[in-house]
Amino acid sequence: MSDKVYQLNDIVQMKKAHPCGENRWKVIRLGMDIRIKCEGCGHSVLVPRRKFETKLKKVLERAEEETTN
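Residues numbered from 1 in each chain as written. Predicted model: local features only at pLDDT ≥ 70, side-chain atom pairs only at ≥ 80, totals over all residues. Heavy atoms only, no water.

*Asks:* Sorry, what's going on with the sheet that holds strand 3 (residues 33–38) here?
*Replies:* Pairing between the strands of a sheet comes from backbone hydrogen bonds, and it takes one of two forms, parallel or antiparallel. With antiparallel pairing, five strands are arranged side by side in an open sheet as 4-3-2-1-5. The sheet terminates laterally at strand 4 (44–48) and strand 5 (56–61), the two strands that pair on one side only. The mean inter-strand angle of the sheet, taken between neighbouring strand axes irrespective of direction, is 40°. With three bridges joining them, strand 1 (residues 11–14) and strand 2 (residues 24–29) adopt antiparallel strand pairing. By the bridge assignment, Ile-11 is partnered in strand 2 with Lys-26. (Pairing = 2+ DSSP bridges. Helix = DSSP H or I, 4+ residues; strand = E, 2+ residues; numbered from the N terminus. Axes fitted to C-alpha atoms, helices over the stretch in contact; angles between N-to-C directions.)

*Asks:* How should I be thinking about the nonpolar core in this particular structure?
*Replies:* Inside soluble globular proteins, nonpolar side chains tend to come together where they are buried. Grouped together as the largest cluster of nonpolar side chains are eleven residues: Tyr-6, Val-12, Met-14, Trp-25, Val-27, Ile-34, Ile-36, Cys-38, Val-47, Phe-52 and Leu-56. Counting only elements with at least two residues in this core, the list comes to strand 1, strand 2 and strand 3. Considering each element in turn, this core owes the most residues, three residues, to strand 3. Once residues lying within four places of it in the same chain are set aside, the contact partners of Ile-34 are Tyr-6, Val-27, Arg-29, Val-45, Leu-46, Val-47, Arg-49 and Phe-52. (Core = buried A, V, L, I, M, F, W, Y, C linked by side-chain atoms within 4.5 Å. Buried < 20%, exposed > 50% of the residue type's maximum accessible area, 1.4 Å probe, protein only. Contact = heavy atoms within 4.5 Å.)

*Asks:* Can you help me understand the pattern of salt bridges in this one?
*Replies:* Opposite charge on two side chains permits pairing when their charged atoms draw close. Under the criterion given, the structure shown has three salt bridges. Of the charged contacts, one joins Arg-24 and Glu-61 as a salt bridge, the two residues approaching to 2.7 Å between their closest N and O atoms. Here Arg-24 is found in strand 2, whereas its partner Glu-61 is found in strand 5, with 37 residues between them in sequence. Since its relative accessible area comes to 39%, Glu-61 is described here as partly exposed. The partner of Glu-53 in a salt bridge is Arg-49, with the nearest N and O atoms 3.9 Å apart. You can see Glu-53 and its partner Arg-49 sitting in helix 1 (residues 49–55), four residues apart, about one turn around the helix. Among the residues examined, Arg-49 registers a relative accessible area of 29% and is labelled partly exposed. (Salt bridge = Lys/Arg side-chain N within 4 Å of Asp/Glu carboxyl O.)

If you want it as structure tokens, here you go:
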């Protein structure tokens, strides 16, 4: 099984849609727990990292890399 690579501010798709009908989530916090925010209604959910990694389907959009010179 391949590792799914995600980072802060990525838009991800989970295996199940949110009850509002939207299936796009933005990663807004990384740590032992991961907070994701529904792109449809704005509801945020705190999910343990292990559960998040099993429920993650794919990364839809990568966050822009910020370069500092």
